[in-house]
Amino acid sequence: MASSSAKQVTGSSDTGIQINTDSGYLIKPKTMAIPLESFEVQVESPVDFASLKRNGMNLEAEMVAQQMFPYFEMLNGPTFVTLVKDFWIRAEVYDLDEAKDEEPEAVIRDPSLKGKTRQEMGLESFRLTEIRSTVMGVPVTITEEVIAKACRVAPIGRFV
Amino acid sequence: MLLKFLTECFLQKGEGSDQPSADHKRVLCFLASFNKINLPRYIMHHLCWAIKEGIRSKRKQIPCGRLLSEIFTQGKILEILRRNNLASNNFIRTRTGKIINGKTLQNMKIIKKFSPDEKDLKESTAPTKLMKDFPSILQERNHEFLSKLVAESVKESGICLDAETSEIQMFLLSKSEGRGLLLMLAQKPMKLKPRSQRRTRLRHPILKIALLLSPRGKEEKENPL
């Protein structure tokens, strides 16, 4: 998916933006076959811990252990529904499986690459899982580091 | 209540899925036992799963709408849209999450009557401050190139982010009848003859709303025909 859509590129090697010589710039194609208006954006709920505590439900100790108060503060803000939908309809996951799929595709394009390493094929070595998409045409990449920063939470702790 | 936090604040579920997933069970266990979880990794995992499900089985729910919006803000997407005159400060259809507070406990029948306070948290649409050290999400930084991409995207998708027209557009998108005509009306100022010269009357309520919200409609509202 990621590799197949990123065929012709200008400016950056992984943008997935196709260039059409007749009409100028073309945007990354949609990855989901659902009409834009059918999507339902789920907005996270902020939590008023003081109100909960006053009404007999004190969960502050649990959240202190998780160091999540800055995350809940962030949740009380605007959600741009149209932008989120535009992002989602073109989103794709670039993970280890996708990276591995790039190699046979490169061999199909150029059979002389058979048996060569990823670097020799001209492919970037896989570093980490990314979500790739565009927002109003602007190509974006979201990683775990970006999510951690936006959540105001350190990327440490249990993950099973 | 921890399960409510989990399904409404971290890893939102789709419709009709009453049974918690394996991730939900694990995170719930860690929350209850004061074990710190790697929240960013769980959210990344959940987003990747939801995208793959959207591609594979047409899942319609988009989780983490607020978090994605925050990433767009901090990642300077809004700045690019403003620079290209696609958005003003009060632009784009926005939503806020419903606050979980004492009233929620009453709705869940955990308490009989909740006691409100003037200091209770209010829903906010105020943008957050930009962080200086936020990692870049842009794959391309050439302003001219980005402007061309944005212009092409608007042309291709027809999405309009202006506050007035986007409201009409999204309202009209939710209606199945006469979508093409109504979208056209939402995107273009209406040019109507004075009422006395019209052969037909505007009977359809959607047409009336489009007229009132369009720039031309405002003029007409100020100077009724």
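Residues numbered from 1 in each chain as written. Chains lettered and ligands numbered in written order. Predicted model: local features only at pLDDT ≥ 70, side-chain atom pairs only at ≥ 80, totals over all residues.

A. Layout of the sheet that holds strand 6 (residues 130-135) of chain A. Strand order across the open sheet formed by 3 strands is 5-6-7 (chain A), with antiparallel pairing between neighbours. Single-partner strands in this sheet number two, and they are strand 5 (92-94) and strand 7 (138-142) of chain A. When the angles between neighbouring strand axes are averaged without regard to direction, this sheet yields 30 degrees. As defined by bridge partners, strand 5 of chain A adjoins strand 6 of chain A across 3 bridges and the pair is classed as antiparallel. Across the sheet, residue V93 of chain A finds its bridge partner in strand 6 of chain A, namely I131 of chain A. The sheet contacts of helix 3 (residues 39-57) of chain B involve strand 5 and strand 6 of chain A, and relative to strand 5 of chain A the element is tilted by about 125 degrees. (Pairing = 2+ DSSP bridges. Helix = DSSP H or I, 4+ residues; strand = E, 2+ residues; numbered from the N terminus. Axes fitted to C-alpha atoms, helices over the stretch in contact; angles between N-to-C directions. Contact = placed C-beta atoms within 7 Å.)

B. Seen up close, the confidence of the model for chain A. Residues and elements named next belong to chain A. When pLDDT is averaged along chain A, the result is 85; 84% of the residues meet or exceed 70. Across chain A, element-level confidence peaks in helix 7 (residues 144-151) with a mean pLDDT of 97 and bottoms out in helix 1 (residues 2-5) with 40. Segment residues 1-16: pLDDT under 50, and 37 contacts once partners within four positions in sequence are set aside and those in other chains are kept. Note that pLDDT drops below 50 for residues 19-23; the model gives that stretch 5 contacts with residues more than four away or on any other chain. (pLDDT = per-residue confidence, 0-100.)

C. Representation of the packing of helix 5 (residues 81-88) of chain A against helix 4 (residues 65-74) of chain B within the structure. It is the contact of helix 5 of chain A with helix 4 of chain B, at a shortest axis distance of 10 Å, that shows an interaxial angle of 90 degrees. Taken as axis vectors, helix 5 of chain A and helix 4 of chain B run roughly perpendicular relative to one another. Note on element contacts: helix 4 of chain B touches helix 5 of chain A through G65, L68, S69 and F72 of chain B, opposite L83, V84 and F87 of chain A. For the contact of helix 5 of chain A with helix 4 of chain B, the residue count by class is 5 nonpolar, 2 polar and no charged. (Parallel < 35°, antiparallel > 145°, perpendicular 65-115°, else oblique. Nonpolar A, V, L, I, M, F, W, Y, C, P; charged D, E, K, R; others polar.)

D. View of the pairing of strand 7 of chain A. Residues and elements named next belong to chain A. For strand 7, a buried count of 5 out of 5 residues is recorded, marking the element as mostly surrounded by other parts of the structure. As judged from the 5 bridges shared by strand 6 and strand 7, these two strands associate in the antiparallel manner. Residue pairing across strands places S133 opposite V140, the latter belonging to strand 7. Once strand 6 ends, the chain turns through 2 residues before running back antiparallel as strand 7, passing M136 with a positive phi of about 50 degrees. (Buried ≥ 20, exposed ≤ 12 C-beta atoms within 10 Å, placed from the backbone.)

E. Structural detail: the domain arrangement of chain B. Here chain B is described as being made up of domain 1 (1-63), domain 2 (65-115 + 133-160) and domain 3 (162-222). When each unit is reduced to the centre of its C-alpha atoms, the spacing between domain 1 of chain B and domain 2 of chain B is 21 Å. (Domains from an automatic or database assignment.)

F. Highlighting unusual backbone geometry. All names here are of chain A. Positive phi, close to 55 degrees, is recorded for Q67, a residue that is not glycine. Among the structural elements, Q67 can be located in the loop between helix 3 (60-66) and helix 4 (69-75). Since 15 C-beta atoms lie within 10 Å of it, Q67 is described here as partly exposed. Despite not being glycine, R152 shows a phi value in the positive range, around 60 degrees.

G. Looking closely at the interface of chain B and chain A. Contacts between the two partners involve 94 residues from chain B and, on the opposite side, 83 residues from chain A. The biggest single contributor to the side of chain B that touches chain A is helix 3 of chain B, with 12 residues. Of the residues contributing to the side of chain B that touches chain A, the split by class is 50 nonpolar, 24 polar and 20 charged. In the sheet, strand 3 (residues 40-41) of chain A pairs with strand 1 (residues 61-62) of chain B via 2 bridges, with the strands oriented parallel. Opposite E40 of chain A, over in strand 1 of chain B, you have Q61 of chain B as the bridge partner.

H. Representation of the environment of V47 of chain A in the model. Inspection of the secondary structure assignment puts V47 of chain A in the loop between strand 3 and helix 2 (49-54). Taking C-alpha positions, V47 of chain A is 57 Å from P111 of chain A, a pair spaced 64 residues apart along the chain. With sequence-adjacent residues up to four places away left out, V47 of chain A is seen in contact with F72 of chain A together with F5, C9 and I100 of chain B.

I. Helix 5 of chain A, seen in detail. The buried count for helix 5 of chain A comes to 8 of 8 residues, which makes it a mostly enclosed element. Within helix 5 of chain A, the full set of buried residues consists of V81, T82, L83, V84, K85, D86, F87 and W88 of chain A.

J. Seen up close, the environment of M63 of chain A. Residues and elements named next belong to chain A. Within the secondary structure layout, M63 lies in helix 3. Overall, the presence of 17 C-beta atoms within 10 Å leaves M63 in the partly exposed class. Sequence spacing of M63 and F49 is 14 residues, and the spatial spacing of their C-alpha atoms is 9.6 Å. Once you skip the residues sitting within four places of it in the chain, M63 turns out to touch F49, M68 and F69.

K. Quick peek at the packing of helix 1 (residues 2-10) of chain B against helix 2 (residues 22-32) of chain B. All names here are of chain B. Contact geometry for helix 1 and helix 2: axes closest at 10 Å, N-to-C directions at 125 degrees. Relative to helix 2, helix 1 is oriented oblique. When the axes of helix 1 and helix 2 are compared, the crossing they make is right-handed. Of the residues in helix 2, those touching helix 1 at L2, L3, L6 and F10 are H24, V27, L28, L31 and A32. For the contact of helix 1 with helix 2, a count of residues per class yields 8 nonpolar, 1 polar and no charged. (Left-handed = near helix turned anticlockwise from the far one by under 90°.)

L. Representation of the environment of N84 of chain B. All names here are of chain B. Relative to the elements of secondary structure, N84 occurs in the loop between helix 5 (77-83) and strand 2 (94-95). We classify N84 as buried; it has 20 C-beta atoms within 10 Å. Residues N84 and A22, 62 residues apart in the sequence, show an inter-C-alpha distance of 44 Å. Apart from the residues lying within four places of it in its own chain, the contact partners of N84 are S147 and V150.

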